[in-house]
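# Per-entry structural report
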Amino acid sequence: MTKLEELVQEINRFEAIISQWDESQRCVAVGLKRAIEDLHKVALTHLIKNLKQESMSALRQAVDDEIVYSVLLYHELVKPQPAPLIERIQAALEEVRPGLKSHDGDVEFVAIKPPDTVEVKLIGSCSSCPTSTLTLTQSVEQAIKNHCPEITKVVAVNHTSTVNNSFTPEDTSTWVKVTTVDQIPESGILTGKVGKNSLILYRQGVNVTCYLNACPHLATPLDMGKLDHGILTCKSHGFQYNLETGECLTVADVPLQSYPVQIKGEKVFVKLPKYSI
């Protein structure tokens, strides 16, 4: 046990004894303690001021002593020394890791790029999630900046945030009859499977739209969600989508995977990739 630990234990022992006294006795003891502390703080303030004038190196050497530093810190005469940067980064990642793991994802520290950049790697579902940029900004980056104010930029490496939501080119797609108009409820959805594709079709009057039956966030089936006035809310994490346009109302630039629709008479045709039929 160090000398500092012995002294702290001794102080704690006396404080435990005083806590058992009646209120009037405790007030006297606390008042005496405060008066002595105030005297010490004034003396230490004068000592620091004189040392600064005589020798900054001597002052730094004194503050490097564990006991001197602890007493000065107690009197708020020095600022707490921050933990090493790498330790604070790891603490920040541990803070957000439970939330990421609940979505089958995780994050790893990669490197510090001086002077103010940290590189991380999103893994698991986070690495392929279309909203991983949002995850990085809202959770990982914010946690790191909270723990490490000197860090101004957090970068995800081996990470692609661009999602291809464009239609499949003509030569690799084909029109497939999937249902009839009357099978799709008015202002409702119909779920169906064509080959490898699980689809949802939404009808508003004579307009029919078709989407992959998977939330772009974590691929949760959309037909399990709640539909209200054309707005579908994913059951898993509450992402909302406008079924007339496929637009995500929760996060920008994360639309549903859509497929072109044609109506011939009462038949509804959807243009799907040939390899998935």
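See the structure shown above.
Residues numbered from 1 in each chain as written. Predicted model: local features only at pLDDT ≥ 70, side-chain atom pairs only at ≥ 80, totals over all residues. Heavy atoms only, no water.

### A short note on a nonpolar patch on the surface
Taken together, Phe-14, Ile-17 and Trp-21 make up a surface patch of nonpolar side chains, about 280 Å² in accessible area. Note that Ile-17 resides in helix H1 (residues 3-19). When its relative accessible area of 37% is taken as the criterion, Ile-17 is described as partly exposed. (Patch = residues over 30% accessible without salt bridge, like charges linked within 9 Å, V, L, I, M, F, W, Y side chains within 5 Å. Areas by Shrake-Rupley, 256 points an atom, 1.4 Å probe, with all protein chains shown as cover. Salt bridge = Lys/Arg side-chain N within 4 Å of Asp/Glu carboxyl O. Helix = DSSP H or I, 4+ residues; strand = E, 2+ residues; numbered from the N terminus. Buried < 20%, exposed > 50% of the residue type's maximum accessible area, 1.4 Å probe, protein only.)

### Details of unusual backbone geometry
Of note, the phi angle at Ser-187 is positive, near 60 degrees, even though the residue is not glycine. Relative to the assigned elements, Ser-187 resides in the loop between strand E4 (173-180) and strand E5 (189-194). Overall, the relative accessible area of 35% leaves Ser-187 in the partly exposed class. Despite not being glycine, His-229 shows a phi value in the positive range, around 55 degrees. Following the sequence through the fold, His-229 ends up in the loop between strand E8 (226-228) and strand E9 (231-233). The class for His-229 is exposed, based on a relative accessible area of 77%.

### Looking at the pairing of E5
Relative to strand E6 (residues 197-204), E5 runs antiparallel, the two sharing six bridges. Its bridge partner being in E6, Leu-190 is matched across the sheet by Leu-201. The turn joining E5 and E6, which pair antiparallel and follow one another in sequence, is formed by two residues; a positive phi near 60 degrees is taken by Gly-195. (Pairing = 2+ DSSP bridges.)

### Here we look at the sheet that holds E4
The antiparallel open sheet is built from three strands, whose spatial order is E4-E13-E12. The sheet terminates laterally at E4 and strand E12 (261-264), the two strands that pair on one side only. The average angle at which neighbouring strand axes cross in this sheet is 30 degrees, direction not considered. Bridge count between E12 and strand E13 (residues 267-273): four bridges; the pairing is antiparallel. Paired with Ile-263 across the strands is Val-268, a residue of E13. (Axes fitted to C-alpha atoms, helices over the stretch in contact; angles between N-to-C directions.)

### Things to note about the nonpolar core
As a rule of thumb, soluble globular proteins bury nonpolar side chains together. Ranked by size, the top nonpolar core spans 15 residues in total, and within it Val-107, Val-120, Val-140 and Ile-144 carry the most contacts. Put simply, the parts of the chain that give this core at least two residues each are helix H5 (85-101), strand E2 (117-124) and helix H7 (132-147). A per-element tally of this core places H5 first, with five residues. Counting residues in hydrophobic clusters, the runner-up holds 14 residues, among them Leu-222, Tyr-241, Cys-248 and Val-254. (Core = buried A, V, L, I, M, F, W, Y, C linked by side-chain atoms within 4.5 Å.)

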